[in-house]
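Structural features, examined
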Amino acid sequence: QVQLVESGGGLVQAGGSLRLSCGASGSIVSIDVMGWYRQAPGKQRELVATITRGTMTTYADSVKGRFTISRDNAKNTVYLQMNSLKPEDTAVYYCNADISTIYPITYREFWGQGTLVTVSS
């Protein structure tokens, strides 16, 4: 079994910062792309940022210049540094990763349980 566990969400005022972390554990052989998605109330889940094992990154236009995704391959962990937060960033943030596992032998995407970020105006 593989688990993705997020942490770092919370309540912050507009203009503030938060750092999300997501650690993967279990029968992991390797992790390819890792990413963050978010889902605001009444809206569909949307991509926030992704990072490859080689640390190539992509960002949603709405967060470019404010959010930074990074990863520590040795720790199987991905981070999301969020600066200059806006009320519209309020959402549940989900970690996502494409993982090759050995027990069972498979390659698929995994999701974390989500962490709530609330930005007050």
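Look a little higher up for the structure.
Let me sum up the structure you'll find in this document.

Criteria and cut-off values
- Residues numbered from 1 in each chain as written.
- Predicted model: local features only at pLDDT ≥ 70, side-chain atom pairs only at ≥ 80, totals over all residues.
- Heavy atoms only, no water.
- Helix = DSSP H or I, 4+ residues; strand = E, 2+ residues; numbered from the N terminus.
- Buried < 20%, exposed > 50% of the residue type's maximum accessible area, 1.4 Å probe, protein only.
- Contact = heavy atoms within 4.5 Å.

Our next topic: unusual backbone geometry. Of note, the amide linkage connecting Y103 to P104 takes the cis form, showing an omega dihedral of -5 degrees. Within the fold, P104 resides in the loop between β9 (91-101) and β10 (106-111). For T55, which is not glycine, the phi dihedral falls at a positive 70 degrees. According to the relative accessible area criterion, T55 is partly exposed, its value standing at 48%. The residue N76 is not glycine, and still its phi comes out positive at about 50 degrees. With respect to the secondary-structure elements, N76 resides in the loop between β7 (67-72) and β8 (77-82). Residue classification places N76 among the partly exposed residues on the basis of a relative accessible area of 23%.

In this structure, L116 sits in strand β11 (residues 115-120). You can call L116 partly exposed: its relative accessible area is 49%. Residues L116 and R38, 78 residues apart in the sequence, show an inter-C-alpha distance of 9.2 Å. With sequence-adjacent residues up to four places away left out, L116 is seen in contact with G9, G10, A91 and V92.

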